[in-house]
4 protein chains.
Amino acid sequence: MAEERKKIDLEPYGANTTKRLTIKEAEEILFVPFPVLDHGFVRLIDYMGSDERVVQAARVSYGRGTKKVSEDAGLIRFLKRHEHTTPSEKPHTEWHIKTPLFVAREWYRHRTAQYASFNEYSLRYSEPEEDYYVPSHDFIGFQDSSNRQGRIKINVPEELKDFTRNEIIENSEQSLKRYKALIEINIAREIARDVLPVNFYTTFYWTMDLHNMFHFLQLRMAPNALEEFRAYAGTVGNIVKKIFPVSYQAFEDFVLNAEKFSRLELKVIKHMFAGENPENIYERAGLRGRELREFKGKLEKIMALEMVS
Amino acid sequence: MAEERKKIDLEPYGANTTKRLTIKEAEEILFVPFPVLDHGFVRLIDYMGSDERVVQAARVSYGRGTKKVSEDAGLIRFLKRHEHTTPSEKPHTEWHIKTPLFVAREWYRHRTAQYASFNEYSLRYSEPEEDYYVPSHDFIGFQDSSNRQGRIKINVPEELKDFTRNEIIENSEQSLKRYKALIEINIAREIARDVLPVNFYTTFYWTMDLHNMFHFLQLRMAPNALEEFRAYAGTVGNIVKKIFPVSYQAFEDFVLNAEKFSRLELKVIKHMFAGENPENIYERAGLRGRELREFKGKLEKIMALEMVS
Amino acid sequence: MAEERKKIDLEPYGANTTKRLTIKEAEEILFVPFPVLDHGFVRLIDYMGSDERVVQAARVSYGRGTKKVSEDAGLIRFLKRHEHTTPSEKPHTEWHIKTPLFVAREWYRHRTAQYASFNEYSLRYSEPEEDYYVPSHDFIGFQDSSNRQGRIKINVPEELKDFTRNEIIENSEQSLKRYKALIEINIAREIARDVLPVNFYTTFYWTMDLHNMFHFLQLRMAPNALEEFRAYAGTVGNIVKKIFPVSYQAFEDFVLNAEKFSRLELKVIKHMFAGENPENIYERAGLRGRELREFKGKLEKIMALEMVS
Amino acid sequence: MAEERKKIDLEPYGANTTKRLTIKEAEEILFVPFPVLDHGFVRLIDYMGSDERVVQAARVSYGRGTKKVSEDAGLIRFLKRHEHTTPSEKPHTEWHIKTPLFVAREWYRHRTAQYASFNEYSLRYSEPEEDYYVPSHDFIGFQDSSNRQGRIKINVPEELKDFTRNEIIENSEQSLKRYKALIEINIAREIARDVLPVNFYTTFYWTMDLHNMFHFLQLRMAPNALEEFRAYAGTVGNIVKKIFPVSYQAFEDFVLNAEKFSRLELKVIKHMFAGENPENIYERAGLRGRELREFKGKLEKIMALEMVS
């Protein structure tokens, strides 16, 4: 299967000359695989546009003559704050990605994006690479009882972690053995794969525009996202930050690190500005249950911010 | 051209029996045109799903057994707060709409939605209805000098309003006369329409899912949206409110009447909780220019809220 | 897990009165599950529009006064022949579907549609139903050596079929046992599912407009589509045929049973009209390899047609 | 307004070095405006991917080791023949376009594409360029009575052409004069533009992937497309042909110059292979009206093909 692997092993193109917009930071990492999880990776294989393209696209509508760098950054920040999204649909990136099947599945399923194009390795055409995902000790946790879709990683005895890893490894090996036994007697690959568990790796190409990329990062870098997926989103996010620095900074300021308050929460904030203790207001204001817990979480985040000196 | 008009004059279907989800409030207004601007209208001609469908779709993923109405509302509010959008992609509405060309154009152009389907009256096939839009006195304003895409409606002398209306009426009448002169000598409709100005009316069908509907309403009900477009969005919004009351309430609480604060603004809020005057912090915090003006606007909105009694 | 299953068990709504377009044939099968494979099903749970809506949407653009049923059918056929697709984006259907994971995955992945909305049972939130797919004897085949993504079902000894089924059953049971062992010690569901193979069943809701539905059916009813997927597409296709009979007939005539010929093939056909044996032309015409084999396949299909009497 | 125009006047970037896929033919025409109609243009301003990228994306799924150029072309032709479209979603092109408003409107409206991103010059922010479209003599025709959406350009007296052009010119000049009069008294631009007819020019950026580009070209290069739009599509098509030569050739062979026959038409063809005169079959076969006329049109196209020598 080593040979199978080679066929998607893209090589960088030699130094070509182009009149296109070029990003120095992107050129440095083009085609370099960034490892994720035990056998996965993420790598940028092409791009079109840059922060500057976002500005050009905005100016065709909002038309301003000035061109200083500081004004460009201001314009990008304005667009992000006011959710004027079409200019950031212009830059595109193309990726080569290797993930466990269960991550790939979520990657496609939730249509995190209005726009996204995929091409994936097919288990109908080809045998799988023999890589499968085994969570490392620090990824293993108990079922979270309050957040029904989460894990809690405190007080998990080492032997339970070993047991979990062992079950997953044995399960993977046995499945692989069965797969090979079926291939051996020439059963069709598209039937044999029925025995493969969802922790086997797959690879795919992925094309995204910058606007939808930020939407993807917002959802998949979030604390409640699947931890294995977050590992990929974090790696992709770091690359995006490097090559679209101004847009990424605006994303951090106005999306990632921003907080939204409902009308009811804004009322409580008004009382707090007047020096009241919020605990005395919640009940009267009708803020309770999950909404109340979430509001307290936001207050805690504010209280943890550094003061302006 | 009266005959042309008739062909899109849909009639309500008699009382049919169905096993589908049915919304009493929607049935009452189905096919009723709600007037907008001088000759336009909006009317609902079909729908699929309801608030209950959003809950069902969420439960297939998040699976909870309870079914009390209060819990359904809580679930819809949770989805909206956390931007879990796929369940609200389930309900669909179908509309028949008549607007000036310049509104129709924006309706399509900004792709306010990931999903939307349109069918429009064609000026290649048919002659236009003879209706054109003339802004009423209270829609006419001067160019806004700070907001480059807006109008300011204070201190506009009545005679300037009359002049404006007159220019638009004469322009429309002359264009229509030329259009008819070209049709008279049998010039192709698709060429003759070159003389028609963008204030002529057109009609189209429009299909939307509920998730993208809210995104549309958020953008088009906003104070900086084109005033003529806002008139349509407001009318559509009222109908949506009537037939998806729980989802609409969540939209009002967590989107329309909510405010988002950047990391920098959150810091200022922390100082304000501590009793400081924000005016003393802006400069140190680096909040300036347009971002500062917008923050002050948000504070004003908070200060205008009624206190919890 | 029986209780989990119940929560998506939608019941038909009692007889409601509506002014909406209603399809008698759809009402008869609404909420009825049609079985597919060993544990799967497909059922229609809602719809909006009908063949008549396609005609209305077309008439808003192409405006013709006449309304006879025969002319409606003619208009729908015209639209299909000329790929005027927007009118058929108007009708929508909503489905509840249960398939093996590997089918669900392809259902989402290939984005067979411009438009489609999904909501799926989540293995992060809930434990799986214990159903898994085991191919019946007549689904099992050897690897096809010419079509690299297919199976060949001739001369497969019964004992190999039994062996295959047995491997898949044992693999599924062992995986399920491990899954339960991990759940037993309270490992998070989103980790425990790593051991589940892709032949386990999942359920989801699926919304489609009629235009994209036909594109989906074209791809998934095709002879080279995955056989398990074809089983679902066939069942969905039968329901669509029943409730959109005119549109479906046009789809059959102008898409499913139609053939397309390249410029080169059209030249060969011209020679055949002149009475020449095509075998004498292929080489001169440069028709060779896979393209030649496919052309011969099309000729065979023509020769198999019944003559007009 | 000359100054307004400048702000979208993109300049080519100097010679940069890149590791990305580069297309020599694209580099030669990057940023060069190709004139269309009297004041319009089309120009390519960026691109990502090439024919080679289509092959790579296909190989990730269909995985074959060989890499000869002839096999690459064969693979691209195979993909096009069998409508495997996702690999051609990988290459992207970015354009800068200037068209009359009525062309721009159709460009957006028909959503010729699953994917397309636009940014347009806004008449709310800025005054229009003073360019308007006047059809040249050879674009002017009478209303077509059989094709209700077309023009017929035979026997149109020169004086009627002059009259038409004159009406359009006078109409444009009067509208422009009124526009300026309203701007003069400082009426908001977004109101003043109500007087502008749809033959005024606008400019926009447009991003497309290659798959949807071909769908766009198929619809807009067709003989029944609006003639002014066809002028743009033809110019875009020529550029696409130059920079994606293999994909374009496959598009020509299997889409543009191909013909599709319905099941009924295939039966008639079978009779023709047997030497029968088709005229004797139509009635018995039930081929009549518009479908019959279209079939005869296809036969004529076949008969006009050169014989294979």
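Residues numbered from 1 in each chain as written. Chains lettered and ligands numbered in written order. Predicted model: local features only at pLDDT ≥ 70, side-chain atom pairs only at ≥ 80, totals over all residues.

With reference to specific residues and values, describe the packing of helix H8 (residues 210-220) of chain B against helix H10 (residues 245-256) of chain B.
Geometry of a packed helix pair, given as the angle between the helix axes and the separation of the axes. All names here are of chain B. It is the contact of H8 with H10, at a shortest axis distance of 12 Å, that shows an interaxial angle of 45 degrees. Considering their axes alone, H8 and H10 lie oblique with respect to each other. Helix-helix and strand crossings are classified by hand; for H8 and H10 the assignment is right-handed. The segment H8 lies against H10, with Leu210, Phe214 and Gln218 engaging Ser247, Phe251, Val255 and Leu256. (Axes fitted to C-alpha atoms, helices over the stretch in contact; angles between N-to-C directions. Helix = DSSP H or I, 4+ residues; strand = E, 2+ residues; numbered from the N terminus. Parallel < 35°, antiparallel > 145°, perpendicular 65-115°, else oblique. Left-handed = near helix turned anticlockwise from the far one by under 90°. Contact = placed C-beta atoms within 7 Å.)

Account for unusual backbone geometry, with residues named and values stated.
Non-glycine residue Leu37 of chain C carries a positive phi angle of around 55 degrees. A positive phi angle, near 75 degrees, is found at Phe31 of chain D, a position not held by glycine. Relative to the elements of secondary structure, Phe31 of chain D occurs in the loop between helix H2 (24-29) and strand S2 (34-36).

Before we move on, could you go through the interface of chain A and chain D and cite the residues and values that matter?
Of the residues lining the interface, 50 residues belong to chain A; the matching set on chain D comes to 50 residues. If you list the elements that add at least two residues to the side of chain A that touches chain D, you get helix H1 (2-6), strand S1 (16-18), strand S3 (40-48), helix H3 (51-62), strand S4 (92-100), strand S5 (117-120) and strand S8 (201-209) of chain A. Per element, the largest residue contribution to the side of chain A that touches chain D is six residues, and it comes from H3 of chain A. For the side of chain A that touches chain D, the class distribution of residues is 20 nonpolar, 17 polar and 13 charged. Pairing of S1 of chain A with strand S1 (residues 16-18) of chain D, which is carried by three bridges, proceeds in the antiparallel orientation. Looking at S1 of chain D, one finds that Thr18 of chain A is bridged to Asn16 of chain D. (Nonpolar A, V, L, I, M, F, W, Y, C, P; charged D, E, K, R; others polar. Pairing = 2+ DSSP bridges.)

So what's going on with the relation of the copies chain A and chain D? Residues and values would help.
There are two copies of the chain, and a rotation about an axis plus a shift along that axis relates them. Once chain A has been moved 0.0 Å along the axis and rotated by 180 degrees, it coincides with chain D to within an RMSD of 0.0 Å. Both copies are brought into coincidence by an operation consistent with a two-fold rotation axis. Ranked by how close their C-alpha atoms come to the rotation axis, the residues of chain A are headed by Thr17 of chain A, at 2.3 Å. A shared interface surface links the copies, since 100% of the contact residues of chain A are contact residues in chain D too. (Least-squares fit on C-alpha atoms with pLDDT ≥ 70 in both.)

Outline the interface of chain B and chain C, listing residues and values.
Each partner contributes residues to the interface: chain B has 49 residues there, and chain C has 50 residues. Contributing elements (two or more residues each) for the side of chain B that touches chain C: strand S1 (16-18), strand S3 (40-48), helix H3 (51-62), strand S4 (92-100), strand S5 (117-120) and strand S8 (201-209) of chain B. When residues of the side of chain B that touches chain C are assigned to their parent elements, the largest contribution, six residues, is made by H3 of chain B. The class makeup of the residues in the side of chain B that touches chain C is 20 nonpolar, 17 polar and twelve charged.

Outline the pairing of strand S8 (residues 201-209) of chain C, supporting the account with residue identities and numerical values.
Residues and elements named next belong to chain C. Counting buried residues along S8, eight of its nine residues qualify, which places the element largely inside the surrounding structure. Two strands pair when backbone bridges link them, and strand S4 (residues 92-100) and S8 are joined in this way by nine bridges, in the antiparallel orientation. In the strand pairing of S8, His96 is matched with Tyr205. (Buried ≥ 20, exposed ≤ 12 C-beta atoms within 10 Å, placed from the backbone.)

Describe the sheet that holds strand S5 (residues 117-120) of chain C, with residues and values.
Residues and elements named next belong to chain C. Ordered by their spatial adjacency, five strands build an open sheet running S2-S3-S4-S8-S5, and the pairing between neighbours is antiparallel. The open sheet terminates on both sides in strands that have one partner only, identified here as strand S2 (34-36) and S5. Each strand of the sheet is rotated relative to its neighbour by a mean of 25 degrees, with strand direction disregarded. Relative to S4, strand S3 (residues 40-48) runs antiparallel, the two sharing seven bridges. Bridge pairing links Met48 to His92 in S4. Running at roughly 130 degrees to S8, helix H8 (residues 210-220) makes contact with S4 and S8 of the sheet.

Would you mind going over the confidence of the model for chain A in detail, with residue names and values included?
All names here are of chain A. Per-residue confidence for chain A averages 87 on the pLDDT scale, and 91% of its residues sit at or above 70. The least confident element of chain A is H1, whose mean pLDDT is 39; the most confident is helix H6 (residues 158-184), at 96. Confidence drops under a pLDDT of 50 for residues 1-8, and excluding neighbours within four residues, the segment shows 15 contacts in the predicted structure. (pLDDT = per-residue confidence, 0-100.)

Summarise the environment of Tyr205 of chain C; cite the residues concerned and give the values.
Relative to the helices and strands, Tyr205 of chain C is located in strand S8. Considering only alpha carbons, one finds Tyr205 of chain C and Ala188 of chain C, 17 residues apart in sequence, at a separation of 25 Å.

Explain the relation of the copies chain B and chain C to me, and be specific about the residues and the numbers.
When chain B is fitted to chain C, the residual RMSD is 0.1 Å, and the transformation amounts to a turn of 180 degrees plus an axial shift of 0.0 Å. When the interface residues of chain B are mapped onto chain C, 100% of them again lie at the interface, so the same face is used by both copies.

Give a description of helix H6 (residues 158-184) of chain C that names residues and reports values.
Relative to the 39 Å expected for 27 residues at 1.5 Å per residue, H6 of chain C spans 38 Å between its end C-alpha atoms, a close match to the ideal helical length. Along H6 of chain C, the residues that are buried comprise Thr164, Glu167, Ile168, Asn171, Ser172, Ser175, Arg178, Tyr179 and Leu182 of chain C. For H6 of chain C, the secondary structure elements touched by its buried residues are H6 and helix H7 (189-192) of chain A together with helix H7 (189-192) of chain C. Directly beyond the C-terminal end of H6 of chain C, a positive phi value near 70 degrees is found at Asn186 of chain C. (Expected span 1.5 Å × (residues − 1).)

Explain the sheet that holds strand S3 (residues 40-48) of chain D residue by residue, including any values.
All names here are of chain D. In space, the five strands of this open sheet follow the order S2-S3-S4-S8-S5, with antiparallel pairing throughout. Edge positions in the open sheet fall to S2 and strand S5 (117-120), since each of these has one partner strand only. Between one strand and the next, the sheet's axes are offset by a mean angle of 25 degrees, whatever the strand orientation. As defined by bridge partners, S5 adjoins strand S8 (residues 201-209) across four bridges and the pair is classed as antiparallel. Within the sheet, the bridge partner assigned to Phe118 lies in S8 and is Trp206. Each of strand S4 (92-100) and S8 touches helix H8 (residues 210-220); the most contacted strand, S8, lies at about 130 degrees to it. Seen against the sheet, helix H9 (residues 227-243) touches S2, S3 and S4 and runs at an angle of roughly 35 degrees to S3.

Got a sec to walk through the pairing of S3 of chain D? Specific residues and values, please.
Residue and element names in this part refer to chain D. Counting buried positions along S3 yields seven of nine residues, so the element is predominantly enclosed. Of the pairings in the sheet, the one linking S2 to S3 comprises three bridges and is antiparallel in character. Along S3, the bridge assignment pairs Pro35 with Phe41. Hairpin connection of S2 to S3: three residues between the antiparallel strands, including Leu37 at a positive phi of 55 degrees.

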